[in-house]
Amino acid sequence: MFFKLAVKSLGDRKGAVCLSILVMCVSIVVLLGVGHVRHQAKEGFYNTVSGVDLIVGARTSSVNMLLYTVFPSGTPTNSIRWESYQDLANSEYIEWLIPISLGDSHKGYRVLGTTSAYFEHFSYGQQRRLSFAQGKGFEQMLDVVIGSEIAKSLHYELGDTLVLAHGLGATSFSHHDDQPFVVTGILAPTGTPVDQTLFVHLHAIEWIHKGSAHSREVAGSAHNPSGILGADLLPESLTAMFVGLKSKLQTFHVQRLINNYKAEPLSAVLPGVALSELWQLMAALENALVLISVLVLISACLGVSAMLLSTIRDRHREIQLLRAMGAPPLFLFALIQLEAAVITFVSVVLAVVILMVSLIGLHDYVLAKVGMSLSANIVTPHSMSLIGVLFLLCALVAMIPSLWGYLLARRGAH
Amino acid sequence: MAIEITGLKFGYPRQENELVLNIPNWVLGEREGVLIHAPSGAGKSTFLNLLSGLLVAQQGEVRVLGHNLSEMNGYQRDQFRALHIGYVFQQFNLIPYLSAIDNILLANSFSSARQSNPRRNEIPHLLNTLNIARSDWRRPARHLSVGQQQRVAIARALVNKPRFLIADEPTSSLDAENRDRFMSLLMDITTTNDITLVFASHDLSLAPYFKRVESLLDMQTSGAPLDVF
């Protein structure tokens with residue numbers, strides 16, 4: 001009967017109650033939405049690279065190096081010489097090296113020149129290795145391995161051919177038209193920038209850049225596996241390299257050695273440190289969003305409270321009547337608190353539904369635009385605790401009308 | 001005795017030196033019905049609220065059904081009221097957005113904690129006795145006519161089988177026809193259920209319904225309370 005009284009009493013003030021629910025619902029959508037996206041972004045972000053001990057490139061800031069080696073943005077300041085790669089490869093500390101050569105693109109997607117070491121050693125998330133959904137790594141000069149997102153959006157299948165363009169951007173003037181590549185492998189989805197990357201062999205990059213005069217001569221060997229190791233196709237330079245060490249304890253030592261490398265200025269960057277630095281840059285925006293949603297939420301709670309407060313005047317006689325029926329003053333307190341809780345509950349349920357529906361609806365769009373795969377499951381411990389805080393906050397703010405109701409009831413019948 | 005008042009003095013907190021009520025001695029027997037006549041502003045509602053325990057006398061003793069109300073704490077008084085006292089007002093007797101049935105159930109819920117057997121199945125009987133058409137039982141109370149509302153109010157006041165009923169100008173907003181219907185129903189129901197009735201009104205034309213008629217002014221010190229019995 002208590003619950004029925006609260007619900008019917010709210011139903012009696014439909015207009016005001018609906019507006020309160022609407023305001024509250026919007027603020028919960030913002031709060032939970034921002035929290036959820038932030039959480040997912042952070043997770044996806046820190047999962048982009050793991051198992052790489054150092055990233056080495058031409059001297060630049062750690063954030064910039066991270067941006068152009070791991071994320072498809074930022075610009076390499078300079079290239080590094082092939083000799084440096086070989087030097088490092090011969091070092092006693094090094095377990096493996098992944099060379100990276102950037103600069104080409106395909107329909108706006110980045111092309112990364114590397115060796116099969118990339119598929120062997122690069123890992124993401126919780127030390128997860130890359131795996132092939134279809135096909136296998138490159139064996140021949142003009143083989144290309146593509147990320148899952150590229151296969152999906154450009155509808156490529158194994159055996160399809162494609163040409164690379166020099167430079168980035170969907171419309172490049174300089175196409176390497178005469179050297180079509182054949183898709184030999186499609187990677188399984190990772191939820192990282194790998195999904196939007198095409199991988200070709202380092203030698204192929206070198207080969208297409210050596211020009212048409214050279215190409216006819218080598219073309220004969222292009223589909224010959226041994227051709228890939230041709231000495232004349234050794235690159236002169238690289239963009240960067242991922243380094244795996246024999247012992248993690250040597251990380252800082254090796255970093256210092258590389259930073260002090262005599263032959264050319266190099267920078268060695270710890271991916272974890274660089275990731276946190278990059279995330280720090282985004283923290284200001286993130287905090288602003290959180291602050292805004294918290295403020296919106298507080299004002300929504302105050303709105304509910306003001307609505308309840310303004311109706312107490314009209315409910316003066318109702319309170320008197322309830323008292324005459326034998327309702328203790330605490331009953332009035334509880335009744336108004338329950339009304340606030342019902343409004344909060346309805347708003348939360350509504351907001352969660354709206355959020356889930358829009359996350360499902362926007363999933364493909366966000367994936368295509370930002371490369372982030374948002375899960376629609378917002379019932380996480382994080383959002384549950386937010387909702388808990390929300391109920392507490394609302395109960396706290398509803399103290400104002402509840403206490404007034406209580407005092408009116410106590411003061412009695414005049 | 002249903003009600004025994006001795007040495008009652010009452011003033012509102014902010015103007016305590018100004019006594020609203022000063023009743024040296026007043027008694028009402030069980031199953032008795034009394035019409036308290038008082039012009040408006042004479043402290044009638046204050047007197048009724050003291051009887052129901054919504055207000056507490058600063059001085060003197062109010063005993064209702066043998067219990068001294070000033071000796072109880074607030075919660076006990078609320079419970080006592082829910083259990084033993086029915087209340088009918090001039091208007092706003094029902095929560096307007098609840099149906100007749102829900103209003104009665106609500107009144108019942110305040111005492112059901114103490115009663116092993118809720119009287120829910122008696123509600124239809126009660127509503128029938130009070131001439132409320134079945135089609136009106138589930139409509140929000142605000143859609144009922146004033147006459148219907150006052151009759152549902154009796155049902156609401158009686159659902160917990162109180163031994164004592166307080167009526168505060170219940171007929172003032174009724175027309176003559178509805179007033180007579182209301183009065184005869186009320187008198188019937190209180191007599192058959194052995195309920196003590198304190199009925200306050202400024203309308204002396206209701207006097208024929210009562211064996212005992214008193215003026216609130218006469219009950220106070222300035223009057224002559226002792227010659228009542």
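Conventions used here
- Residues numbered from 1 in each chain as written.
- Chains lettered and ligands numbered in written order.
- Predicted model: local features only at pLDDT ≥ 70, side-chain atom pairs only at ≥ 80, totals over all residues.
- Heavy atoms only, no water.
- Helix = DSSP H or I, 4+ residues; strand = E, 2+ residues; numbered from the N terminus.
- Buried < 20%, exposed > 50% of the residue type's maximum accessible area, 1.4 Å probe, protein only.
- Contact = heavy atoms within 4.5 Å.
- Areas by Shrake-Rupley, 256 points an atom, 1.4 Å probe, with all protein chains shown as cover.
- Pairing = 2+ DSSP bridges.
- Axes fitted to C-alpha atoms, helices over the stretch in contact; angles between N-to-C directions.
- Buried area = accessible area lost by both parts, 1.4 Å probe.
- Salt bridge = Lys/Arg side-chain N within 4 Å of Asp/Glu carboxyl O.
- Polar contact = N/O pair within 3.5 Å; in protein donor to acceptor, adjacent residues only side chain to side chain.
- Nonpolar A, V, L, I, M, F, W, Y, C, P; charged D, E, K, R; others polar.
- Core = buried A, V, L, I, M, F, W, Y, C linked by side-chain atoms within 4.5 Å.
- pLDDT = per-residue confidence, 0-100.
- 1 Å grid on protein atoms, 1.4 Å probe; cavity = no way out; pocket = protein on both sides within 12 Å on 5 of 7 lines; lining within 4 Å.
- Points joined across faces, edges and corners; volume = space filled by probe spheres on them.

### Points about the overall build of chain B
At step 1: Counting secondary structure elements, chain B contains seven helices and nine strands.
At step 2: For the C-alpha atoms alone, the extent of chain B along its principal axes is close to 50 × 40 × 35 Å.
At step 3: Buried positions account for 55% of the 229 residues belonging to chain B.
At step 4: Once local pairs closer than 6 in sequence are excluded, the contacts in chain B between residues at least 24 apart make up 73%.
At step 5: Entry remark: accessible area of chain B is about 10,100 Å², with carbon and sulfur atoms responsible for 47%.

### Details of the sheet that holds strand β5 (residues 67-68) of chain B
Residue and element names in this part refer to chain B.
At step 1: Spatially, β2-β1-β4-β5 is the arrangement adopted by the four strands of the open sheet, whose pairing is antiparallel. Edge positions in the sheet fall to β2 (21-28) and β5, since each has one partner strand and no second.
At step 2: As defined by bridge partners, strand β4 (residues 59-64) adjoins β5 across two bridges and the pair is classed as antiparallel. Of the residues in β5, the one forming a bridge with V64 is H67.
At step 3: This element, helix α1 (residues 44-52), spans β1 (3-10), β2 and β4 of the sheet and lies at about 125° to β1.

### Remarks on helix α11 (residues 316-324) of chain A
At step 1: Among the residues of α11(A), E318(A), I319(A), L321(A), L322(A), R323(A) and A324(A) are the ones counted as buried.
At step 2: Of the residues flanking the end of α11(A), it is G326(A), one or two places downstream, whose phi is positive at about 110°.

### Digging into the interface of chain A and chain B
At step 1: Contact with chain A, which involves 21 residues of that partner, is made by 25 residues of chain B.
At step 2: Where chain A abuts chain B, roughly 2,300 Å² becomes buried across the two surfaces, and 68% of that area is made up of carbon and sulfur atoms.
At step 3: Among the residues chain A hides against chain B, the three largest losses belong to M1(A), L321(A) and M325(A). Together they make up 29% of the total.
At step 4: Taken together, the links from chain A to chain B amount to four salt bridges.
At step 5: A salt bridge links K4(A) to D102(B); its shortest N-O distance comes to 2.9 Å.
At step 6: Inspection of the chain A/chain B interface yields five residue pairs in polar contact (both at pLDDT 80 or more).
At step 7: Counting only elements with at least two residues in the side of chain A that touches chain B, the list comes to α1 (2-11), α11 and α12 (329-370) of chain A.
At step 8: Residue composition of the side of chain A that touches chain B, grouped by class: eleven nonpolar, three polar and seven charged.

### Remarks on the environment of T192(A)
Residue and element names in this part refer to chain A.
At step 1: With respect to the element layout, T192 can be found in the loop between β11 (181-187) and β12 (197-201).
At step 2: Separated by 68 residues in sequence, T192 and Y124 have C-alpha atoms that sit 7.9 Å apart.
At step 3: Beyond its immediate stretch of four places on either side in the chain, T192 contacts N47, T48 and Y124.

### Notes on the nonpolar core
At step 1: With 126 residues, the main nonpolar core has L322(A), W26(B), F47(B) and L51(B) as its most contacted residues.
At step 2: Here this core takes 14 residues from α12(A), the largest share from any one element.
At step 3: Aside from chain neighbours lying at most four places away, what touches W26(B) is I3(B), E4(B), I5(B), V34(B), I36(B), F47(B), R212(B), E214(B) and M219(B).
At step 4: In terms of nonpolar packing, the next biggest core, distinct from the first, is built from 34 residues, F45(A), I100(A), V145(A) and L278(A) among them.

### A few points about the confidence of the model for chain B
Low pLDDT means the predicted coordinates in that region are not meant to be read closely.
All names here are of chain B.
At step 1: Considering every residue of chain B, the mean pLDDT works out to 86; 92% of them sit at 70 or more.
At step 2: Here helix α4 (residues 123-129) stands out as the element of chain B with the lowest mean pLDDT, 86, in contrast to strand β8 (residues 196-201), whose mean of 94 is the highest.
At step 3: Contacts from residues 223-229, a stretch scored under 50 in pLDDT, to residues over four places away or in other chains number twelve contacts.

### Considering the layout of surface pockets
At step 1: Of the pockets and cavities examined, the second largest pocket occupies roughly 570 Å³.
At step 2: Looking at the second largest pocket, it is lined by 25 residues, and the ones nearest its centre are R323(A), R410(A), R411(A), L54(B) and L55(B).
At step 3: Of all elements in the fold, only α12 and α14 (399-411) of chain A together with α2 (74-84) of chain B reach the threshold of two or more residues within the lining of the second largest pocket.
At step 4: Ranked by residue count, the leading element in the lining of the second largest pocket is α2(B), at five residues.

### Brief notes about the environment of L144(B)
Residues and elements named next belong to chain B.
At step 1: By the element assignment, L144 lies in the loop between α4 and α5 (146-158).
At step 2: Sequence separation between L144 and L165 is 21 residues, and the spatial gap between their C-alpha atoms is 23 Å.
At step 3: Beyond its immediate stretch of four places on either side in the chain, L144 contacts D136, R139, Q149 and V152.

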